[in-house]
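Here is how the chains run, residue by residue.
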Amino acid sequence: MTYNEVLAAARTEVGPYCKACPVCNGRACGNAMPGPGCKYPGPTASRNYDKWQEICVNMDTLCPNADPDISFELFGHRFAAPIFAAPLGALPLHYGDKYKDQQYNAILIKAAAEYGLMALTGDGVDPEIMKASVVDMNKVGGMGCPTIKPWNKEAVFEKLDILNANGIFAAAMDVDGAGLPFLKAMNPNAGSKSVEEMKEIVHYAQMPFIIKGIMTPNGARKAVESGAAAIVVSNHGGRVQGGVPSTAEVLPAIVEAVKGQITILVDGGIRSGVDVFRALALGADGVLIGRPVLTAIYGAGEEGFRVYMDKIVGELKSTMTMCGAATLKDITRDKIWLG
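A brief look at the structure comes next. (Residues numbered from 1 in each chain as written. Predicted model: local features only at pLDDT ≥ 70, side-chain atom pairs only at ≥ 80, totals over all residues. Heavy atoms only, no water.)

### What about the packing of helix α6 (residues 153-166) against helix α8 (residues 195-204)?
Inference 1: One way to put it is that α6 packs onto α8 with a least axis distance of 10 Å and a crossing angle of 20°. The angle between α6 and α8 falls in the class roughly parallel. The chirality of how α6 crosses α8 is right-handed. Residues K153, V156, F157, L160, D161 and N164 of α6 pack against E200, I201 and Y204 of α8.
Inference 2: Taken together, the residues of the contact of α6 with α8 break down into five nonpolar, one polar and three charged. (Axes fitted to C-alpha atoms, helices over the stretch in contact; angles between N-to-C directions. Helix = DSSP H or I, 4+ residues; strand = E, 2+ residues; numbered from the N terminus. Parallel < 35°, antiparallel > 145°, perpendicular 65-115°, else oblique. Left-handed = near helix turned anticlockwise from the far one by under 90°. Contact = heavy atoms within 4.5 Å. Nonpolar A, V, L, I, M, F, W, Y, C, P; charged D, E, K, R; others polar.)

### Observations regarding unusual backbone geometry
Inference 1: Cis geometry marks the peptide bond from M33 to P34; its omega dihedral reads 10°.
Inference 2: Looking at the secondary structure, you find P34 in the loop between α1 (3-10) and α2 (44-53).
Inference 3: One non-glycine residue with positive phi stands out, namely A90, at about 50°.
Inference 4: Residue position: A90 is located in the loop between β4 (83-85) and α3 (91-95).
Inference 5: The backbone of H236 shows a phi angle near 60°, a positive value even though the residue is not glycine.
Inference 6: Note on placement: H236 falls in the loop between β9 (230-233) and α10 (247-258).

### Some details on the environment of C63
Inference 1: Note on placement: C63 falls in the loop between β1 (56-57) and β2 (72-74).
Inference 2: Note: C-alpha distance between C63 and G324 (261 residues apart in sequence) is 5.8 Å.

### Here's the deal with the pairing of strand β11 (residues 286-289)
Inference 1: Covered by surrounding structure in β11 are G286 and L288 together with V287 and I289, the residues of both alternating faces.
Inference 2: Of the pairings in the sheet, the one linking β4 to β11 comprises three bridges and is parallel in character. Looking across to β11, one finds that F84 is bridged to L288.
Inference 3: Judged from the two bridges that link them, strand β10 (residues 263-266) and β11 form a sheet pairing that is parallel. Bridging from a neighbouring strand, L265 pairs with G286 of β11.
Inference 4: At this point the chain moves from β10, through helix α11 (residues 273-281), to the parallel β11, and the crossover so formed is right-handed. (Buried < 20%, exposed > 50% of the residue type's maximum accessible area, 1.4 Å probe, protein only. Pairing = 2+ DSSP bridges. Right-handed = clockwise from strand over helix to strand, strands pointing away.)

### Some thoughts on the side chain of D136
Inference 1: In this fold, D136 is placed in helix α5 (residues 128-138).
Inference 2: In this structure D136 touches Q102, A106 and I109, once residues within four positions along its chain are discounted.

### A closer look at the sheet that holds strand β7 (residues 171-174)
Inference 1: The sheet built from eight strands is open, its strands ordered β4-β11-β10-β9-β8-β7-β6-β5 with parallel pairing. At either end of the open sheet lies a strand with only one pairing partner, and these are β4 and β5 (120-121).
Inference 2: Contacts from α8 reach β7 and β8 (209-214) within the one sheet, and its direction differs from that of β8 by about 145°.
Inference 3: Contacts from helix α9 (residues 217-226) reach β8 and β9 within the one sheet, and its direction differs from that of β8 by about 165°.

Here it is as structure tokens:
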């Protein structure tokens, strides 16, 4: 299948909110929730996309001709590319009834591992969602990263007990989910986490721990202080707070604050291999992509995932060739033009 064929197939499956647009830029879905949109006020999802497009890449083809090496090492494991699948949840509510979260995650985990990548999976009020992800990760050697909501400490530890017992590759927490209504309804200490609380959680995990939802240099410094192995610069796709800047806008200052102290990943509006190149040139080590991966899987399952990743990887390699970058380390700040 071609990517356009995957999208065409997805349009019959993801209604009524997602439109499976040719480019997932946050415009057709707007502030629609349920659906893939963002929280009112402010078009944060489209701002995420738009700000990457404002960054130009600098062509330089007076370089040795070579097939670019895009392999990427994270936590001692070599991946095929610095591109990972972002966690998504509550799929029947937001994307239609084709898949429950467990079914989608099963396809995603297998497809990502076979491609040489890693899936971050979502969490929810149903504890079986994460348990099912662990079963599917065990089928691919433990490769995956369950993303735990910022529940109260006791609930987080119960989930980490499962991950620890099964030797899962990595764990994450999307701290930017702190304001979700179902967290506010829990007992005290669900939601926002202090540095001391995060230190306890990171220490309790027996695998590298990723903090997702960092949007300021100070937040990044606190993540370093907590002992996390990586951060994801993320505004949750604009779904948890309106009126926030894009990840492309805040990434440079976060890189300046903590580069070399912690692995820096970024998500939000990254839709092409050129966008991946832009993010790496701004100082990110790798990227996460969420909504378009979901659309591809709704359109054609594992094949849809492969088709989309082939597209992204091909675009990244082509951009590296045209900009004189033979390896990921060659994608430096001078490879982009900011005006």
